[in-house]
Structure formats: C-alpha cells, structure tokens
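Summary of structural features
The primary structure of each chain is shown beneath.
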Amino acid sequence: MSQRHACELVEIPRSTVRYESRRDDGELRKRLLELARAKPRFGYRRLCVLLRREGGAVNHKRVHRVYRALGLQVKRIRRKKLVRSLAAATPLITANQEWALDFASDVTASGQRFRVLSVIDAYTRECLALEVDTSFPSRRVTRVLEAVAAERGRPQQLRSDNGPELTSRHYLAWCADHQTETIHIQPGKPTQNGRVESFHGKLRDECLNTSWFVNLFDARRKIRAWREEYNERRPHSALGYRTPREFVLGVGGGAASPSAGSDRAGVWPRQGQALRAPAAALTQPHPCAAELK
C-alpha cells in the first residue's frame, strides 16, 4: 500500500508522517549527564535549576524530556501514609523560633560506628550544625548548642525526641538557663519532628549512602563539605528552589515561610510533651526556676 493511500485511510496528513525533528539536544544531553553523575540523587527539577544558574535559558519540560530519554529517573520507594488528625501548632514566622535536633548514624570502612548530631532551623531550613563523633553525651550536645547560639543567638524552642542525652538533667538545666522551651515528641512518632526527619532523608540519600568513609576524620571532612553545599548551593524545593542562605538573605527572617500555607506545615502536634515530664527527674530546684515563673 502506498503512503498516500495509508494516510487517507487513517485520515492524517502526509506531512505529519514525514516530519523529522530538527532540534539538537546533544549539548543539553552532555551537560545533563555530567550534572547527573556529579549529583546522582538530584531530580530533573533541581538539575534544571543548576543548568539555569550556569546561564542557560532552558525550559523545564525540555529538561524533563531529555532526562527521561537518558533514563536518569531517581527511583524512590513510595511509603504508605497514615492519615492523622493533628492539632494546629504555632506557625513559624522567624528564624531562631524553633530548632530541631536529632541523631543519624553510619559506619566507616574499618567498621567503626559513628553518630551525627544534626541541628537545623525549622523556619529557614538551615543546617546549623553537623557534628560527627562516636558518642554524644548531654554535655557534648549542649556545647554544640552553645557554639551555635553564640554565633546566631539562642532559640526560643528546641524540638527533639526522648533520647537520654536530650532528657538528662544537664540538658534540661541548660535550657532553663537560656530560657529555651523544650518540646519532646511522643515516643515512636518521628513525624512530629518532621523537619529534621526530612533533612536526615536528604543527608542519608545524598551524602551517607553515596560516600565511602575511610575513618572518622574523613567522615567529618566529607559531612562538613556536604553541609556547606546544602546551605549555600543546594536548591530547596520548600524555599522556592532557593538555597537556605539565599532565603535568609532574601527575607531577613521576617517573612512567612513559602511552605507555611501547605497542608502539612504548622500542624505538628505538641501533646507529646505531656506524656513524659523529664524535668520531674531533677532532684534539686534550679536557681532560675523562680525567675522563669
């Protein structure tokens, strides 16, 4: 059957059948492959932001088409989400309003396990500290908080889980001295500290799982370098694909967070503090108790 006859039967123009694209994506494919090899856990949206930073006026739909054609899709496990009715919490409107703390762990090439203490600002999404060591007693935790507070001021609230180093008498006394409220989430519910859990997902996905740590000093060097990249160069989707540093310089700590109007933001439950009162473990009344009242 001739092409003319076939096109008449299916009712399509012959120009459509004979059309051959003239666009050349060779340069974009080459640069996209280079960026994807350097950042294997970045999706096409973040790669598009990096391409635009280099001065190229590239359309995100074109990047997505080439990204899929190269087979660069990042495979993610979609977990089932449990729907809960959460009570509304105080919205975050400024920096230093709430810091979130948590621990991650990994192992070196020699089998030595180490822990990573993460301190983030829940409003600006900045990573304020990433300390690496084999153990973190409460005095080491307060030293890290003291160093960060000396640089950028003390926080109004500290949100954390119920670990022993975060419920000790020394930690609670430090918070009382600095007039900082402690918010302990409910045991077994890490979603109540969702900001730091989300940060740990990025830390695990882009640094810990993709790096080979020779020893503890090598782990400190690589994790410190990733923290600088996270704060200064990594586009953050919740901040309108700006970096945390760009967001801080842009809003000056006085505007609402871009994610403040989302369904998940500002609905963290605070009832976890009532389930466990670590302050009752203090045998002696703190000298600042009368002033705090």
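Placed above this text is the structure.
This report concerns the structure included in the present document. (Residues numbered from 1 in each chain as written. Predicted model: local features only at pLDDT ≥ 70, side-chain atom pairs only at ≥ 80, totals over all residues. Heavy atoms only, no water.)

**Digging into unusual backbone geometry**
Where we set the bar: Each helix corresponds to a stretch of at least 4 residues labelled H or I by DSSP, and each strand to a stretch of at least 2 residues labelled E; elements are numbered beginning at the N terminus. Here the term buried applies to any residue with accessible area under 20% of the maximum for its type, exposed to any over 50%, and partly exposed to those in between, with areas from a 1.4 Å probe on protein chains only.
You will see that Asn96, though not glycine, has its phi angle at about 65 degrees, which is positive. Inspection of the secondary structure assignment puts Asn96 in the loop between α5 (60-69) and β1 (98-107). Its identity is not glycine, yet Gln179 carries a phi of approximately 55 degrees, on the positive side. In this fold, Gln179 is placed in the loop between α7 (169-177) and β5 (181-184). Overall, the relative accessible area of 47% leaves Gln179 in the partly exposed class.

**Quick word on the pattern of salt bridges**
The test is simple: Salt bridges are defined by distance alone: a side-chain nitrogen of Lys or Arg within 4 Å of a carboxyl oxygen of Asp or Glu.
If you walk through the whole model with that rule in mind, you get 20 salt bridges. When the shortest N-O distance is used, the salt bridge between Arg204 and Asp106 registers 3.6 Å. Here Arg204, found in helix α8 (residues 194-208), pairs with Asp106, found in strand β1; they are 98 residues apart in sequence, far enough to count as distant. Lys222 is the partner of Asp218 in a salt bridge, and the nearest nitrogen-oxygen pair spans 3.2 Å. Of this pair, Asp218 and Lys222 are both found in helix α9 (residues 216-232), four residues apart, which corresponds to roughly one turn of the helix. For Asp218, a relative accessible area of 9% translates into the label buried. For Lys222, a relative accessible area of 25% puts it in the partly exposed group. Through salt bridges with shared partners, a single network forms among Asp121, Glu126, Arg152, Glu232 and Arg245.

**Things to note about α8**
Every α-helix carries 3.6 residues per turn, so stepping three or four residues along brings you back to the same face. Filter applied, for reference: What a helix is expected to span follows from its residue count: subtract one and scale by 1.5 Å. Any two residues having at least one pair of non-hydrogen atoms within 4.5 Å are treated as being in contact.
Under the 1.5 Å per step criterion, the end-to-end length of α8 is 19 Å for 15 residues, consistent within 8% with the ideal 21 Å. Listed in full, the buried residues belonging to α8 are Arg195, Val196, Phe199, His200, Lys202, Leu203, Asp205, Glu206, Cys207 and Leu208. In this fold, the buried residues of α8 make contact with β1, β2 (113-121), β3 (127-133) and α9.

**Some thoughts on the packing of aromatic side chains**
What counts here: In this scheme Phe, Tyr and Trp rings, the latter by its six-membered ring, pair at centre separations within 6.5 Å, and the angle between planes marks the pair as stacked below 30 degrees, edge-to-face above 60, and tilted otherwise. Geometrically, a lysine NZ or arginine CZ counts as sitting over a ring once it is within 6 Å of the ring centre and also within 35 degrees of the ring normal.
In this structure the tally under the stated criterion is seven aromatic pairs. Each ring, one from Phe103 and one from Phe136, has its centre 5.8 Å from the other, and the planes form 50 degrees; the classification is tilted. Of this pair, Phe103 sits in strand β1 while Phe136 sits in the loop between β3 and α6 (138-152), placing them 33 residues apart in sequence. Here Phe103 and Phe136 have matching classes, each one buried. Arranged with centres 5.7 Å apart and planes meeting at 55 degrees, the rings of Phe199 and Trp226 form a pair that is tilted. Of this pair, Phe199 sits in helix α8 while Trp226 sits in helix α9, and the two are 27 residues apart along the sequence. Comparing Phe199 with Trp226, the two get one shared label, buried. Among the aromatic residues, those joined into a ring-pair cluster are Phe199, Trp226 and Tyr230. The ring of Phe103 has Arg115 lying over it, and the distance from NZ or CZ to the ring centre is 4.2 Å.

**What to know about the pairing of β5**
The condition is simple: A pair of strands counts as paired when DSSP detects no fewer than two bridges linking them. Consider the strands pointing away from the viewer: the crossover is right-handed when the path from the first strand over the helix to the second runs clockwise.
Of the pairings in the sheet, the one linking strand β4 (residues 157-160) to β5 comprises four bridges and is parallel in character. Residue pairing across strands places Leu158 opposite Thr182, the latter belonging to β5. Assessed by its sense of winding, the connection that carries the chain from β4 through α7 to β5 is right-handed.

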